[in-house]
Every structure is written in structure tokens, then in C-alpha cells.
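Descriptive structure summary
Listed here are the chains, written in short residue letters.
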Amino acid sequence: MYTTEQFILILVKQMNPKEKAAIVTAGTFGLVGAGILAVVGNPVAWGALAYATYRVAKSAYSNAQSTKTKEDPDQELFI
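What this report covers is the structure whose coordinates are included nearby. (Residues numbered from 1 in each chain as written. Predicted model: local features only at pLDDT ≥ 70, side-chain atom pairs only at ≥ 80, totals over all residues. Heavy atoms only, no water.)

Points about the overall build of the chain
Going by this rule: Counting from the N terminus, the helices are DSSP H or I runs at least four residues long and the strands are E runs at least two residues long. Contacts between residues were defined by any pair of non-hydrogen atoms, one from each residue, lying within 4.5 Å. To be clear on the numbers: accessible area is Shrake-Rupley with a 1.4 Å probe, and residue cover counts the displayed protein chains and nothing else.
Of regular secondary structure, the chain possesses 3 helices and 0 strands. Order of helices (α) and strands (β) in the chain, N terminus to C terminus: α-α-α. Contacts in the chain between residues far apart in sequence, at least 24 positions, make up 58% of those at least 6 positions apart. When the accessible surface of the chain is summed, it comes to about 6600 Å², and 64% of that surface belongs to carbon and sulfur atoms.

Here's the deal with the packing of aromatic side chains
Operational definition: Two rings belonging to Phe, Tyr or Trp (six-membered ring only in the last case) form a pair when the distance between their centres is within 6.5 Å. Interplanar angles under 30 degrees mark stacking, angles over 60 mark edge-to-face geometry, and anything in between is tilted. A ring is considered to have a charge above it if a Lys NZ or an Arg CZ atom is located within 6 Å of its centre and within 35 degrees of its normal.
All told, the structure shown has 0 aromatic pairs when counted by the stated rule. For the cation-ring pair, Lys 18 lies above Tyr 61, with the distance from its terminal atom to the ring centre recorded as 5.6 Å.

A look at the environment of Pro 17
Within the element layout of this structure, Pro 17 appears in helix α2 (residues 17–40). Separated by 44 residues in the primary sequence, Pro 17 and Tyr 61 have C-alpha atoms spaced 8.6 Å apart.

A look at a nonpolar patch on the surface
For clarity, the threshold we go by: Like-charged residues are merged into a patch within 9 Å and nonpolar side chains (Val, Leu, Ile, Met, Phe, Trp, Tyr) within 5 Å, provided each residue has over 30% relative accessible area and no salt bridge. Here, a salt bridge means any side-chain nitrogen of Lys or Arg that lies within 4 Å of a carboxyl oxygen of Asp or Glu.
A contiguous nonpolar patch, built from Tyr 2, Phe 7, Ile 8, Ile 10, Leu 11 and Val 12 and spanning about 550 Å² of accessible area, is present on the exposed surface. Tracing the sequence through the fold places Ile 10 in helix α1 (residues 4–14).

Thoughts on the packing of α2 against helix α3 (residues 43–63)
The cut-off we apply is this: Axis lines are fitted to C-alpha atoms, over the contacting stretch for helices. Their N-to-C directions set the angle, which ranges from 0 to 180 degrees. For classification purposes, an angle smaller than 35 degrees is called roughly parallel, one larger than 145 roughly antiparallel, one from 65 to 115 roughly perpendicular, and anything else oblique. Each helix crossing is assigned a hand: it is left-handed if the near helix lies turned anticlockwise from the far helix by less than a right angle, otherwise right-handed if that turn is clockwise.
Contact pair α2 / α3: the axes reach a minimum separation of 8 Å and the direction vectors enclose 160°. When the axes of α2 and α3 are compared, the pair comes out roughly antiparallel. Along this stretch, α2 crosses α3, giving a crossing that reads as right-handed.

Thoughts on the side chain of Thr 53
What counts is decided by this rule: Residue burial is assigned from relative accessible area. The probe radius is 1.4 Å, only protein chains are included, and a residue is buried under 20% of its type maximum, exposed over 50%, and partly exposed in between. The definition of a polar contact used here is a pair of N or O atoms within 3.5 Å, where within protein one atom must be able to donate a hydrogen and the other to accept one, and adjacent residues in sequence count solely through side-chain atom pairs.
Within the secondary structure, Thr 53 is located in helix α3. By relative accessible area, which is 16% here, Thr 53 ends up buried. Only 2.7 Å separates the side chain of Thr 53 from the backbone oxygen of Leu 49, close enough to count as a polar contact.

Structure below.
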């Protein structure tokens, strides 16, 4: 039986770089926003935070480069 920490570590190792970038970026954005909105407490602001976090994660996912798609610079040397 795995502990929660081991389970999370296994999941993170299996993720591709795009998923990792989206989780790290959205997680940080969401935590900072939740800290700010804890003071405000307006339901509309919470909805805006959820939507903005989704958009930031989607943007980070689309901008992250996969290691499989990178071209090897040594391959350009061969004709």
C-alpha cells in the first residue's frame, strides 16, 4: 500500500513536461489568488479566480515543450 506522498511522487514521475508545467503554474497562481481572495470573500471573485486559473493552466500547457518533440541539434549536421 502506498502512502499519499509516494502515490503523488509516482504520478508526477509519469507526467509529461506539459502537464507538469500546467500544474506548477496553475497551482502557484491558484494559491496566491486564494490567499488574496480569502480576505475579499466575494463569490464572484472566487469564480473569476477559478476561470483565470483554468486559463493560466491552459496557456502553460500549450506553451510547454515536450522533450519528445525537441529536435536534436546534432541531427542538423548530417546531410
